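Chain and residue survey
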Amino acid sequence: MTSLLELAADKKSADVTDWAARAGWVVGLLLFIALVYWLMREGWKWRGTLQGDLPELPSAPSEPGPAKLELTGRYHGSTTAGQWLDRIVAHGLGTRSRVELTLTDAGLDVVRPGAADFFVPAGQLREARLDKGIAGKVLAEGGLLIVTWEHGEKLLDSGFRSDHAAEQAEWVEAINNMIHTTSTTEGTAR
């Protein structure tokens, strides 16, 4: 009987938790997350610096004319035309936001609550199409309205998603007709 008591007395229970080691791991993990966040932020700022040659965004004219079409939805960003992963961040073009689009004879007015508004004059519109993705956002085929426009010496693709996806096809037709009419008018004027 004494041998059982001696065996029981010799055994120690394991330490429940080493709080110092656990705190060290938590602090290390938080520092790592902060470092990754800081590096991402610096990369975003560096991209903006590299795109510094992009001129300031135009603002809407005081009298743009009557609205042909209006749309509410989301702005998903702008990229270099034809390169759907090359995000443009200069002048706030990389900031996702809600959007209110208005198409007039003067051009496309892009109003973004909480972000910089801009205007694309009719003469700078190049194409509109339905596509499935733009940097950071991929949807079903035809889920995004992509508007290609010229800004400075660069062609940009801007991606929009309407709250009512069915109306995006109407926008593609209206913008492309407007581009065709503008180019035909300019061609006969020369």
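Our subject is the structure that appears above.
Report on the accompanying structure. As the structure is a computational prediction, the values presented were derived from the model and not from experiment. (Residues numbered from 1 in each chain as written. Predicted model: local features only at pLDDT ≥ 70, side-chain atom pairs only at ≥ 80, totals over all residues. Heavy atoms only, no water.)

Let's talk about the packing of aromatic side chains
- One pass over the structure, following the stated rule, counts 3 aromatic pairs.
- The interplanar angle of 70 degrees and the centroid separation of 6.2 Å between the aromatic rings of Tyr75 and Phe118 together place this pair among those described as edge-to-face. Within this pair, whereas Tyr75 is found in strand E1 (residues 69-80), its partner Phe118 is found in strand E5 (residues 118-121), the two being separated by 43 residues in sequence. Like Tyr75, the residue Phe118 is buried in the burial classification.
- Look at Phe118 and Trp149: their rings are 5.5 Å apart centre to centre, the planes differ by 15 degrees, and that puts the pair in the stacked class. With Phe118 in strand E5 and Trp149 in strand E9 (residues 144-151), the pair connects residues that are 31 residues apart, well separated along the chain. For the pair formed by Phe118 and Trp149, the shared burial category is buried.
- Grouped by ring-pair contacts, the aromatic residues Tyr75, Phe118, Trp149 and Phe160 constitute a single cluster. (Phe/Tyr/Trp six-rings, centres within 6.5 Å; stacked < 30°, edge-to-face > 60°. Helix = DSSP H or I, 4+ residues; strand = E, 2+ residues; numbered from the N terminus. Buried < 20%, exposed > 50% of the residue type's maximum accessible area, 1.4 Å probe, protein only.)

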